[in-house]
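Overview (structure and organization)
Chain by chain, the residues run as shown.
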Amino acid sequence: EGKVSNGRGKGCSYDKEMVWTLSRKDCDLVDDEPAPPPATSPCDPLTFEDDNGLVVIEAESLPWSCTKGTDHEWKKAKKTKQTTGDGFIKYRGNNEFPEPKGGYMTAKLKIRKKGTYKFTFHSFIEGHESTEENDSWLYIEASDFYAMRSNHENGKKYYPKGSEHASGPIIGGASKDGFMKMFRNGDTDEWTMNARTYDHVALYAYADFNKAGTYSLTMAGRSYGHWVDRLVLSFRSI
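My aim in this report is to walk through the structure given alongside it, one point at a time. Just so it is clear, the structure is predicted and the values come from calculations on it, not from any experiment.

Brief notes about the overall build of the chain
Counting secondary structure elements, the chain contains zero helices and 16 strands. Burial analysis of the chain (238 residues in total) assigns 46% to the buried set. Within the chain, contacts between residues at least 6 apart in sequence are counted, and of these 68% link residues at least 24 apart. Of the accessible surface of the chain, which amounts to about 12,500 Å², a share of 47% is contributed by carbon and sulfur atoms.

Spelled out as structure tokens, the structure:
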């Protein structure tokens, strides 16, 4: 709790959450007034903390609105019985198959439980072909970001092209600048919690966080018609 002078010998009190106990109009604030919090932009990434090794990001919480009017636009849609949160997002931009070029949306990750996390997403295919309109680009800023078989089977790591961490073979199929193409398997008429990379091999994406701290996750547009509801990172025991 603190006080500032109003210049007339009368203090204006505020509590630790900056709630003024007297109307601010009654106070002629001086230099020792705590600065107001900085204005936030809808393009600023939100921060998501792990809950005992589980990070859940509702896709509509990503800064999709900042892609409005671009060639790589994401749009929000109303929730359905099969989705979570208050909606989901649809990619409505150009197809960018060789490499990511836009529609970037970033979330900050506050990791408290260090270790290895597996990535997946809840998504849907707008079209009628299971191998079309089924993918987006993904990059995770981490101690290591790579692809492997389920449960780290055989121990071989695969890396996207341009990875700063690359110490093994490159992922087959599309990857560029550290981004992986993440696609979903499953029927075209249902939402699935499923995300793979490496065409015709179908590896899982993993991120290692070697210490607690703040990291980031970025998704970008790849295939028109890919709908995304939720992104999940879950701690994996090795």
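What to know about unusual backbone geometry
Positive phi outside glycine occurs at E133, with the angle close to 55°. Positionally, E133 belongs in the loop between strand 8 (115-125) and strand 9 (135-141). Look at E133 and you get partly exposed, because its relative accessible area is 26%.

With respect to the sheet that holds strand 12 (residues 179-183)
Read from one edge of the open sheet, six strands run 3-7-15-9-12-11, paired in mixed fashion. Among the strands making up the open sheet, the edge pair consists of strand 3 (47-49) and strand 11 (175-176). As paired elements, strand 7 (residues 105-111) and strand 15 (residues 213-220) share seven bridges and run antiparallel to each other. Directly across from T106, in strand 15, lies its bridge partner T218.

Considering the state of the cysteines
Counted under the stated rule, the structure contains one disulfide. The partner cysteine of C43 in its disulfide is C66, sulfur to sulfur 1.9 Å. Residues C43 and C66 are joined by a disulfide whose S-S torsion is about -110°; by sign, that bridge is left-handed. Of this pair, C43 sits in the loop between strand 2 (11-14) and strand 3 while C66 sits in the loop between strand 4 (54-58) and strand 5 (74-77); the two residues are 23 residues apart in sequence, bridging distant segments of the chain.

Re the nonpolar core
In terms of nonpolar packing, the biggest core is built from 40 residues, with L109, F119, I140, F209 and L231 touching the most fellow members. When near neighbours in sequence (up to four residues on either side) are disregarded, F119 contacts L138, M182, A195, A205, L217, L231, V232 and L233.

Reading the values: rules and limits
- Residues numbered from 1 in each chain as written.
- Predicted model: local features only at pLDDT ≥ 70, side-chain atom pairs only at ≥ 80, totals over all residues.
- Heavy atoms only, no water.
- Helix = DSSP H or I, 4+ residues; strand = E, 2+ residues; numbered from the N terminus.
- Buried < 20%, exposed > 50% of the residue type's maximum accessible area, 1.4 Å probe, protein only.
- Contact = heavy atoms within 4.5 Å.
- Areas by Shrake-Rupley, 256 points an atom, 1.4 Å probe, with all protein chains shown as cover.
- Pairing = 2+ DSSP bridges.
- Disulfide = S-S within 2.5 Å.
- Core = buried A, V, L, I, M, F, W, Y, C linked by side-chain atoms within 4.5 Å.

So far we have only geometry, and geometry alone does not tell us how the molecule works.
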